[in-house]
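# Structural overview for review
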Amino acid sequence: MAMESLHTCTVQQPRAAINKLHMSFHFAAILSLLYYRISHLFHGDVPIFSWGLMTSAELLFTFIWVLTQAFRWRPVARTVNLENLPKDKMLPGLDVFICTADPAKEPVMEVMNTVLSAMALDYPPEKLAVYLSDDGGAALTLYAMKEACSFARSWLPFCRKYGIKTRSPEAYFSSLRDGAHLDWSEELKEEEEKIKAAYDLFKKNVEKLGAIEEYSARPDRPPHVELRVSGIMSNAPYLLVLDCDMYCNDPLSAKQAMCFHLDHEISSSLSYVQFPQIFYNVSKNDIYDGQARSAYKTKYQGMDGIRGSVCAGTGYYLKKKALYCRPNHEDEMPVEPERKFGSSNVFNASLKSLNGRQSRREEIISDATVEEAKSLATCTFEANTKWGKEIGYSYECLLESTFTGYLLHNKGWKSVYLYPKRPGFLGCTTIDMKDAMVQLMKWASGLVQVGLSKYSPLAYGISNMSILQSMCYAYFTFSHFFSIPCILYGIVPQLYFLKGVSLFPKVSNNWFAPFAVVYTSSLLQHLYEVLSTGGSILTWWNEQRIFMIKSVTACFFGCMDVLLKQIGVAKASFRLTNKAVDQEKLEKGKFDFQGATLFMIPLTLLVILNVVCFIFGVKGMISRGNYGEMFGQLLLSSHILALSYPILEGLVPKKGRKKQKNF
């Protein structure tokens, strides 16, 4: 008897059809525009230097646009059928891996809430194990973990008894304070009061200890990823990876992931199931694009239609075998295990039993197991092995999870992307300009470095993956070069507008049409994507604005960071962004540039240049009367100034208040 389907995959046909129609229309306009530029450049009847810069910028725009079309080719949406999942006793083992580094930037109670929510997943307890790796080696984290385990003895039964869905204690009690109300029984209310009191005491004790310096992180412990310790303890075949601030919001997410991992049609080549990152602390207008709508509601769904989405680094359920071998090549793992995996006989033996078996509880706490785990956890253990090269997470890139996912796809593994109605995981994102810039610069630097390395998607990737999948990865690695044409478009036309020299066709000229079409078509395509994914016109405008700001700041510095590393001026480093939530900043609803001085220098200079060129350029245009020739540059300057309003607001103090230094 055939097994009933565990999931469904639906190609979003209307969206795909509209995308392909737009591609044809837009590409025709781009070709016309480039023909106009290049033909005039060769004829020599235009200012060569400025025309050459504009042509170069437009070629770069075109290159990145072409890469973007791969996401729009075959977007899919997936749903799961939990009712068809095997009974609990038939489910495989699951390990949860959570990593933290510094309690000063990653509040310990936030980390503990993530741990508790993972422990409370709706999954057989005997098949679930949770691991917390503290790269900072803080005594505070160890103390908090012991307290969390003690609190879990009452919290977990409470959640299961009353079917609580929000299983992060902080989130659960916060929702009550915010006015959420259900018609609960007196028994539940009494028990809840006891749980709340226990949680408040737990929180108070941890925060009190956190004020003592000797319990902080030790800087002589470099951050490093180990997975292998779980191999000699629970040895589950599947692994959930979570950021320390990304708690489990839906206890059913583990079973949702198993609807894919246990599906015989795809399981043999499936490496991981990726959930979107959803954040609870973004402002109402999301002015920093903290929810990354474009990634999680369009690009990831597009990649899912062509063998799988990129690995986001958190909120994904991974098959451990994928880290050790290619699909359907499990027999390769036991070959020369010492050379590949190291000298631990216990760990090497565990590789043969990645079939759902879990160790007995006595084995986990035995002295021999603890000593073996200590050996496995040392960085020196992997010397002269293949860890970080051919097996485990790759060390070639600071964005180790994303890069490892890329390598898995190159080896033939697939992945799936699930965007459920109730977010599987909720976390906090950066809520000010400084932290947003630091985070994006780290991502840009790491991805650009991959794009320029031997692992480039347009060389290494295209030889192992489909062209469309390679284009998607190429977009992530090369899109940060968008900063270069953005800067050129923010300088060259404005300077020549000031001089009264036209760089675009006269508005009455037929060749003005391709420029107008490309400009309008780009805006409308973005607007369609925003509205079709539940956004608003305000969302569209905010994304336009923050994209421009990030492109000429963090993306530009990320590219420069790679260049400096290449010539030996800078060294690769691990930058930890601040995960502490400042509610006061969050509720302002305005850009906060405090502390982002370095990042804002190029943007501020561009804005000032555009203001000066606009004012005096308009004055010159009126005196010369060449409105038709200068209309293109006038429109471009107006658009840039409209997008730059938050920067202008920061430069010009409001009446009746002291000028605040934002830069």
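Residues numbered from 1 in each chain as written. Predicted model: local features only at pLDDT ≥ 70, side-chain atom pairs only at ≥ 80, totals over all residues. Heavy atoms only, no water.

The protein chain is annotated in an unreviewed UniProt entry as Cellulose synthase-like protein G1 isoform X2 from Coffea arabica. UniProt, in its Subcellular location (unreviewed entry) section for the protein chain, records the words "Endomembrane system". (UniProt positions renumbered as here; feature names shortened; annotations may be inferred.)

This next bit is on the pattern of salt bridges. Under the counting rule described, the total for this entry stands at 13 salt bridges. Lysine 203 is paired through a salt bridge with glutamate 170; the nearest N and O atoms lie 3.2 Å apart. Taken as a pair, lysine 203 in helix α6 (residues 186-210) and glutamate 170 in helix α5 (residues 169-177) lie far apart in primary sequence, 33 residues in all. Look at lysine 203 and you get partly exposed, because its relative accessible area is 22%. With a relative accessible area of 24%, glutamate 170 lands in the partly exposed category. Across the pair lysine 506 and glutamate 629 runs a salt bridge, and its minimum N-O distance is 3.9 Å. Of this pair, lysine 506 sits in the loop between α16 (483-499) and α17 (512-532) while glutamate 629 sits in helix α21 (residues 627-643), placing them 123 residues apart in sequence. Three or more residues are tied together by salt bridges with common partners; here these are Asp88, Asp122 and Lys255. (Salt bridge = Lys/Arg side-chain N within 4 Å of Asp/Glu carboxyl O. Helix = DSSP H or I, 4+ residues; strand = E, 2+ residues; numbered from the N terminus. Buried < 20%, exposed > 50% of the residue type's maximum accessible area, 1.4 Å probe, protein only.)

This paragraph deals with the packing of helix α14 (residues 433-451) against helix α15 (residues 467-478). The geometry of α14 relative to α15 is characterised by a closest axis approach of 7 Å and an angle of 125 degrees between their N-to-C directions. By the criterion of interaxial angle, the relationship of α14 to α15 is oblique. Along its contact with α14, which presents Leu447, Val448, Val450 and Gly451, the element α15 presents Phe476, Thr477 and Phe478. (Axes fitted to C-alpha atoms, helices over the stretch in contact; angles between N-to-C directions. Parallel < 35°, antiparallel > 145°, perpendicular 65-115°, else oblique. Contact = heavy atoms within 4.5 Å.)

Pairing within the open sheet is mixed, and its 6 strands lie in the order β4-β3-β5-β9-β7-β10. On the outer flanks of this sheet lie β4 (128-134) and β10 (414-417), each paired with one strand and no other. The average angle at which neighbouring strand axes cross in this sheet is 20 degrees, direction not considered. (Pairing = 2+ DSSP bridges.)

The next subject is helix α20 (residues 597-624). For α20, which comprises 28 residues, the first-to-last C-alpha distance of 39 Å matches the rise-based estimate of 40 Å (1.5 Å per residue) to within 8%. In α20, a bend of some 25 degrees at leucine 603 exceeds every other bend along the element. After α20 finishes, the residue glycine 625 shows a positive phi value of roughly 75 degrees. (Expected span 1.5 Å × (residues − 1). Bend = angle between axes of the 7 residues up to and from the residue.)

Applying the stated criterion across every chain, the model contains 42 aromatic pairs. Each ring, one from phenylalanine 275 and one from phenylalanine 425, has its centre 5.5 Å from the other, and the planes form 90 degrees; the classification is edge-to-face. Remark: phenylalanine 425 occurs in strand β11 (residues 425-427) and phenylalanine 275 occurs in the loop between β7 (270-274) and β8 (278-279); sequence separation between them is 150 residues. With respect to burial, phenylalanine 275 and phenylalanine 425 carry one shared label: buried. Between the aromatic rings of tyrosine 417 and tyrosine 419, the centroid separation amounts to 6.4 Å while the plane-to-plane angle is 70 degrees, which identifies the pairing as edge-to-face. The exposure class assigned to tyrosine 417 is buried, which follows from its relative accessible area of 3%. An aromatic cluster of three or more residues is present, and its members are Tyr35, Tyr36, Trp51, Phe61, Phe482, Tyr489, Phe504, Trp511, Phe515 and Phe547. The positively charged end of arginine 37 is found above the aromatic ring belonging to phenylalanine 504, 5.2 Å away from the centroid. One residue, lysine 196, lies across the ring of phenylalanine 173, its end atom 5.6 Å from the ring centre. (Phe/Tyr/Trp six-rings, centres within 6.5 Å; stacked < 30°, edge-to-face > 60°. Lys NZ or Arg CZ within 6 Å of the ring centre and 35° of its normal.)

So, about the pairing of strand β9 (residues 316-319). Because side chains alternate across β9, one face comprises the buried residues Tyr316 and Leu318, and the other comprises Tyr317 and Lys319, equally buried. Bridge analysis of strand β5 (residues 238-243) against β9 gives 4 bridges, and the strand direction is antiparallel. Of the residues in β9, the one forming a bridge with leucine 239 is leucine 318. Strand direction decides the pairing type here: β7 and β9, joined by 3 bridges, are antiparallel. For glutamine 274, the partnering residue across the bridge sits in β9 and is tyrosine 316.

Here helix α4 (residues 139-162) is 24 residues long and its end C-alpha atoms lie 34 Å apart, about the 34 Å a rise of 1.5 Å per residue gives. By the largest-angle criterion, alanine 152 marks the main kink of α4, which is about 45 degrees. Buried within α4 we find Leu140, Thr141, Ala144, Met145, Ala148, Phe151, Ala152, Trp155, Leu156, Phe158, Cys159 and Tyr162.

The next point concerns unusual backbone geometry. Unlike most non-glycine residues, aspartate 286 shows phi in positive territory, near 50 degrees. For aspartate 286, the location among the structural elements is in the loop between β8 and α8 (293-304). On the basis of relative accessible area, aspartate 286 is assigned to the buried category, the value being 17%. The backbone of aspartate 289 sits at a positive phi, close to 55 degrees, despite the residue not being glycine. Tracing the backbone through its elements, the reader meets aspartate 289 in the loop between β8 and α8.

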